[in-house]
Amino acid sequence: RGRRAAGVPLELAPALWVPAVYRGCASLHAARNFGQCAYKYSGGLHGVGSECVNALSDWFKVEVSRDAKVYHMAFERGKTTEQLSVIGELKNKKTTGTLITFLPDPTIFTITVEFKFERLASRLPELAFPNPGLEINLGDERTETTRKETCVYKYGIEEFVKQLGENKTVIHPKPVVISRQRDEVFVDVVLQYNDSYNDQILPFANSIPNPDGGTHLTGFRTALTKAVNQYARSNSLLKDKDPAISGDDVREGLVCVLSIKLPNPRFESQTKVKLVNTEIDGVVNSVVYDG
């Protein structure tokens with residue numbers, strides 16, 4: 001299930017003469033602001049999100065609360081089974097929202113159609129922390145005792161980094177926060193060292209996790225190593241004859257979240273695991289080194 005605060009529009013969509021809620025759930029490329037600034041820093045503009053879910057579902061139902069009424073529409077594997085109709089009245093006329101309920105199609109998802117609470121719960125922070133103040137609630141009602149989890153980060157990335165370091169002995173209690181803009185690119189970096197031997201660097205582009213890194217991660221690593229070595233040389237912590245500190249040594253015990261927002265992101269594959277915009281390497285390098 002998922003909710004949309006304002007409620008999906010119900011008016012007839014231009015040209016097609018079908019309800020806008022139908023366009024949003026069963027018609028491709030129905031995004032309202034295609035090509036406009038609302039999606040300038042999105043991860044992609046395919047406009048097929050809910051339509052894909054609908055097409056791959058055994059059944060798919062949408063309820064919209066607007067104008068003091070509750071509207072309902074139903075589908076099976078992308079095909080309309082119940083036209084838009086009013087199924088209830090709202091006591092509070094200001095109540096709005098959209099409730100989506102669906103069941104994955106077992107003829108397509110042949111291995112399993114069971115949702116894993118832990119997998120969803122681990123994904124929520126990645127959606128919440130780039131958007132400070134956004135609250136996401138996850139509930140599992142499949143058992144007698146409902147399992148619930150709420151994810152909200154009032155202070156965004158900084159709060160997330162502190163959470164990642166909760167069970168570690170940190171070297172400095174206050175994380176290092178770098179937030180800069182270069183032209184149309186926004187770079188936010190929060191890093192904190194602990195006494196462990198491993199590093200944990202989480203790169204994101206337009207709120208999308210990139211587990212294989214990419215040009216933003218390369219720029220960050222280069223700048224961090226350069227900055228630490230420069231400081232060590234300038235303060236005589238390294239003698240002229242001493243070799244430079246390696247990148248592996250610089251990143252030992254590091255917890256870092258690197259989040260950038262850029263127009264027209266390019267990824268190595270449709271899964272978006274790696275950012276390949278060549279210009280981002282230099283942008284992140286400059287921002288992190290200066291910061």
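Our subject is the structure that appears above.
Residues numbered from 1 in each chain as written. Predicted model: local features only at pLDDT ≥ 70, side-chain atom pairs only at ≥ 80, totals over all residues. Heavy atoms only, no water.

With respect to the overall build of the chain
- The helix and strand inventory of the chain stands at seven helices and twelve strands.
- A buried classification covers 37% of the 291 residues belonging to the chain.
- Here the chain displays about 17,600 Å² of accessible surface, and carbon together with sulfur accounts for 52% of that area. (Helix = DSSP H or I, 4+ residues; strand = E, 2+ residues; numbered from the N terminus. Buried < 20%, exposed > 50% of the residue type's maximum accessible area, 1.4 Å probe, protein only. Areas by Shrake-Rupley, 256 points an atom, 1.4 Å probe, with all protein chains shown as cover.)

Remarks on the pattern of salt bridges
- Summed over the entire model, instances satisfying the criterion amount to eleven salt bridges.
- When the shortest N-O distance is used, the salt bridge between Lys 116 and Glu 114 registers 3.8 Å.
- For Lys 116, a relative accessible area of 42% puts it in the partly exposed group.
- The shortest N-O distance in the salt bridge between Glu 126 and Arg 123 comes to 3.1 Å. Of this pair, Glu 126 and Arg 123 both sit in helix 3 (residues 117–128), three residues apart, which is roughly one turn of the helix.
- A cluster of three or more residues bridged by salt bridges with shared partners is formed by Asp 58, Arg 77 and Asp 105. (Salt bridge = Lys/Arg side-chain N within 4 Å of Asp/Glu carboxyl O.)

Quick notes on the sheet that holds strand 8 (residues 176–182)
- Sheet architecture is open: five strands sit in the order 8-9-12-10-11, paired in mixed fashion. Each edge of the sheet is formed by a strand with only one pairing partner; in this case those strands are strand 8 and strand 11 (208–209).
- The pairing of strand 8 with strand 9 (residues 185–193) spans seven bridges and is antiparallel. In the sheet register, Val 177 faces strand 9, and the bridge partner there is Val 190. (Pairing = 2+ DSSP bridges.)

Looking at the packing of helix 5 (residues 215–234) against helix 7 (residues 278–290)
- One can describe the packing of helix 5 onto helix 7 by two numbers: an axis separation of 7 Å at closest approach and a directional angle of 30°. Comparing their axes, helix 7 and helix 5 come out roughly parallel. Crossing geometry of helix 5 relative to helix 7 is assigned as right-handed. Contacts between helix 5 and helix 7 involve Thr 215, His 216, Thr 218, Gly 219, Phe 220, Thr 222, Ala 223, Leu 224, Lys 226, Ala 227 and Gln 230 from the former and Thr 278, Ile 280, Asp 281, Val 284, Asn 285, Val 288 and Tyr 289 from the latter.
- For the contact of helix 5 with helix 7, the per-class residue count stands at eight nonpolar, eight polar and two charged. (Axes fitted to C-alpha atoms, helices over the stretch in contact; angles between N-to-C directions. Parallel < 35°, antiparallel > 145°, perpendicular 65-115°, else oblique. Left-handed = near helix turned anticlockwise from the far one by under 90°. Contact = heavy atoms within 4.5 Å. Nonpolar A, V, L, I, M, F, W, Y, C, P; charged D, E, K, R; others polar.)

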